[in-house]
Amino acid sequence: MTCKRKRLETDIASRVAISKRSRHTTEADLLSPLSDELLIRILTLLPLPDLLNTAPVSQRFYHLSGDSQLWKRLYYSRFVLPRALRIPGFRDGSAREGKLHYSSRKAVWADGRRGGWADIHIGDLDDSSRDWKKQYKLRHNWSKGKCAVEELQLRQELPLPATSLSHKVLVKVTEGIAITVDATTGLRAWDLKTKQLLAQISLREVDSGAAPSCIAIDDQKIHQQILEIAIGFVDGGFGVWALDVKEKKILPRYRHKKSSNGELVGIAFSYPYLLTATKSVLISMYTFDGPNKMDLSSTPESTREVNDYVRDVENKPGQDSRRIEQDPKMVTLQAPYLLTSLKSHTSRTPLALSIRKTTSSIIASIVYTFSTLQGWSLGIQDLHLRPPTSRSKHTSDIITTRLAYTLPVWNSSSHFPSTSTSPALPSSHQDNGAIHGPINLCYTHPYLLATLPDNTLILYLCTSNATSLSISPGIRLWGHTSGISDAEITARGKAVSVSSRGEEIRVWELEGRAHGKSIEVRPTTRPTTNDKEGTDDPAIIDATTVEWDDRRNWVGFDDEMVIVLKESRGRESLMVYDFT
């Protein structure tokens with residue numbers, strides 16, 4: 001009787017492998033003969049997790065699973081359709097899904113801002129050039145608060161505290177470019193993608209006390225890679241500069257002399273209109289396309305001042321003087337014409353200025369704070385201006401003006417209305433806006449956002465038409481656990497707020513919602529190398545490490561990034577939170 005030999009594990013494994021190979025060779029391959037178009041059609045029926053699982057199957061499926069048509073459909077179903085369902089009449093069939101068309105053109109919102117990648121795609125009409133998977137990932141990261149963080153150093157140790165006016169840094173962000181200005185380093189432009197300095201120019205102020213106090217950006221020429229920058233100063237003057245992104249140059253366009261009206265605390269610029277506000281709430285509306293546009297003799301001092309300023313820039317080593325004289329995009333501006341001045345004896349800071357363009361007019365808005373017996377309120381005044389193309393030489397640019405104000409809000413120091421019967425308010429109530437009233441105001445039509453000292457925000461919705469202007473009751477927004485230093489909001493209802501201490505940044509989606517909800521930004525450190533400043537340069541940081549003396553003084557954002565101005569032990573830097 002023969003003994004049976006035990007099967008070894010290696011024999012069993014080899015038999016299984018042979019059976020699998022034979023089965024694969026005998027069974028017909030049903031997927032390989034199919035065209036890419038049919039496979040993409042099949043992949044459109046898969047949910048998102050299954051679609052992602054098909055990418056590692058083969059190189060072919062890796063490319064097919066990333067097709068823009070697949071991700072365009074997913075993008076619409078998750079991010080576009082929920083917004084469309086809030087359109088009146090969409091559910092009952094008057095605006096069906098089939099009638100909702102996607103525009104490839106660069107849209108312009110009611111306030112003059114352009115829609116970005118997060119909402120509509122920009123540029124050519126060809127959809128094939130759009131990376132919809134990248135856009136889906138971008139919006140998904142925004143909804144989850146997922147981002148990478150890097151630190152861009154602006155300035156090292158300061159001789160004086162950064163809170164002093166002579167060392168205060170002002171920042172604005174648009175289209176991936178950060179504009180910073182201060183009295184020490186001048187006006188600078190940074191590429192936030194490469195973290196490189198694009199251009200820099202000195203303010204060249206004769207008076208050392210003429211430090212910048214406010215800044216505004218006009219991006220009407222962004223398609224030409226031109227940004228126009230308006231800066232207000234503590235001496236009451238202001239100036240206009242132009243940034244040529246392609247040529248990496250900043251050139252002066254106009255410099256207004258100082259004024260006895262006091263420090264400028266707000267400025268808005270949309271060529272040809274410029275709106276300024278002083279600390280004493282004196283509002284001035286200018287136009288660079290006024291009656292004296294060609295009359296140089298009416299303003300010899302201002303004209304001579306800007307010409308001297310341009311001549312100083314031209315004489316700098318390495319500066320191409322012909323660029324200033326020949327390029328029409330960089331032509332120097334003549335002195336502006338004062339359209340109107342508004343003075344209030346009851347309003348106070350904080351305030352916000354805005355200029356937006358509609359089809360029939362240009363609207364300049366002033367949002368201000370004023371005290372009431374019960375606490376404080378916000379007021380808004382709209383100046384409707386006639387467009388330059390339809391202006392007559394014998395008529396005023398201002399067509400009409402409208403006013404609206406909010407209901408009173410109780411003082412932050414008390415949860416109940418004041419019981420005082422005295423008609424006069426104490427002086428501390430008038431002056432101490434940090435306790436009795438909002439800390440900052442942000443207005444981008446139709447949203448008005450106020451940050452309060454009790455770690456909350458109030459959102460108002462402004463409704464404006466040809467005959468009326470109104471403000472809805474405020475919605476209190478909760479979420480921060482420490483003092484809010486700044487906030488910004490877009491015309492789509494997307495807002496970002498930052499606490500003054502700690503790493504608390506919240507993203508708010510406020511469009512179409514009765515009660516705002518926020519997502520906390522949770523950054524991770526992006527590994528980078530920096531061989532220019534040495535190993536001790538803080539460009540590489542640990543996002544989880546926050547020093548107690550770190551302060552966040554300003555926040556801004558675009559479609560892909562959130563930018564926070566950070567002050568730490570005399571240093572100032574930009575914290576770049578990248579959601580791509």
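Located above this text is the structure these notes cover.
Parameters and conventions
Once a new chain begins, its residue numbering starts again from 1 and follows that chain's sequence as written. Local features are withheld for residues below a pLDDT of 70 in this predicted model, meaning they are given only at 70 or higher, and side-chain atom pairs are given and counted only at 80 or more; totals for whole chains, interfaces and linings count all residues. Side-chain metrics rest on all non-hydrogen atoms present in the structure, leaving aside hydrogens and water. Only DSSP runs of H or I reaching four residues or more are called helices, and only runs of E reaching two or more are called strands; each is numbered from the N terminus. Burial classes: relative accessible area under 20% of the type maximum marks a residue as buried, over 50% as exposed, and values in between as partly exposed (1.4 Å probe, protein chains only). The directions considered for the arc run from the helix axis to the C-beta atoms. Should any heavy atoms of two residues lie within 4.5 Å, those residues are counted as being in contact. Strand pairing is assigned whenever DSSP detects at least two bridges linking the two strands. Candidate patch residues must exceed 30% relative accessible area and have no salt bridge, after which like charges are joined if within 9 Å and Val, Leu, Ile, Met, Phe, Trp or Tyr side chains if within 5 Å. Only the protein chains shown count as cover for residues, with accessible areas throughout obtained via the Shrake-Rupley method and a probe of 1.4 Å. Whenever a carboxyl oxygen of Asp or Glu lies within 4 Å of a side-chain nitrogen of Lys or Arg, that contact is scored as a salt bridge. Under the counting rule used here, the positive set is Lys and Arg, the negative set is Asp and Glu, and His together with the chain ends is not counted. We put the charge of a Lys on NZ, of an Arg on CZ, of an Asp on CG and of a Glu on CD. Here an axis means a line fitted to C-alpha atoms, over the contact stretch when the element is a helix, while the angle between two N-to-C directions is reported on a 0 to 180 degree scale.

**Quick look at unusual backbone geometry**
Working step 1: Note that the residue after Tyr271, namely Pro272, is joined by a cis bond; omega there is 10 degrees.
Working step 2: Mapped onto the fold, Pro272 is located in the loop between strand S10 (264–270) and strand S11 (273–278).
Working step 3: Cis rather than trans, the peptide bond between His445 and Pro446 has omega equal to 10 degrees.
Working step 4: Notably, Lys195 is not glycine yet its phi reads approximately 60 degrees, a positive angle.
Working step 5: The residue Lys195 is located in the loop between strand S4 (186–191) and strand S5 (196–201) in this model.
Working step 6: Exposure remark for Lys195: the relative accessible area of 17% places this residue in the buried category.
Working step 7: The phi torsion at Gln225 lies on the positive side, around 60 degrees, for a residue other than glycine.
Working step 8: Counting through the fold element by element, Gln225 comes out in the loop between strand S6 (212–218) and strand S7 (226–233).

**Things to note about helix H2 (residues 36–43)**
Working step 1: Those residues of H2 that sit buried are Leu39, Ile40 and Leu43. For H2, the angular spread of the buried residues around the axis is 100 degrees, confining them to a single face. Across H2 from its buried face, at more than 90 degrees, point the exposed residues Glu37 and Arg41.
Working step 2: Where H2 is buried, its residues touch helix H3 (48–53), helix H4 (59–65) and helix H5 (68–84).

**A word on the pairing of S7**
Working step 1: For S7, the buried fraction is high: 8 of the 8 residues fall into the buried class.
Working step 2: Alternating positions in S7 separate into two faces, Ile226, Glu228, Ala230 and Gly232 on one and Leu227, Ile229, Ile231 and Phe233 on the other, with burial throughout.
Working step 3: With 6 bridges connecting them, S6 and S7 associate as antiparallel partners. Within S7, the position partnered with Asp218 by the bridge is Glu228.
Working step 4: Direction of pairing for S7 relative to strand S8 (residues 238–244): antiparallel, over a ladder of 7 bridges. Within S8, the residue paired with Glu228 across the bridge is Ala242.
Working step 5: The hairpin formed by S7 and S8 contains 4 residues between the paired strands, and Gly236 there has a positive phi angle of roughly 90 degrees.

**Some points on a positive patch on the surface**
Working step 1: A cluster of basic residues, Lys133, Lys137, Lys144 and Lys146, forms a positive patch on the protein surface.
Working step 2: It is helix H6 (residues 132–144) that provides the largest number of residues to the positive patch, a total of 3 residues.
Working step 3: Along the chain, Lys137 turns up in helix H6.

**Overview of the sheet that holds strand S27 (residues 517–520)**
The strands that make up a sheet pair up through hydrogen bonds in the backbone, lying either parallel or antiparallel.
Working step 1: Read across the sheet, 4 strands follow the order S24-S25-S26-S27 without closing on themselves; strand pairing throughout is antiparallel. The sheet is open, and its two edges are formed by strand S24 (484–489) and S27, each paired on a single side. Sheet twist, expressed as the mean angle between neighbouring strand axes with direction ignored, is 25 degrees.
Working step 2: Across 4 bridges, the pairing between strand S26 (residues 505–509) and S27 is antiparallel. Counted as the bridge partner of Glu509 is Lys517 from S27.

**Some thoughts on the sheet that holds S8**
Working step 1: Strands sit in the order S6-S7-S8-S9 across an open sheet of 4 strands; the sheet is antiparallel. This sheet does not close on itself; its edge strands, each paired only once, are S6 and strand S9 (249–255). The sheet shows a mean angle of 25 degrees between the axes of neighbouring strands, taken without regard to direction.

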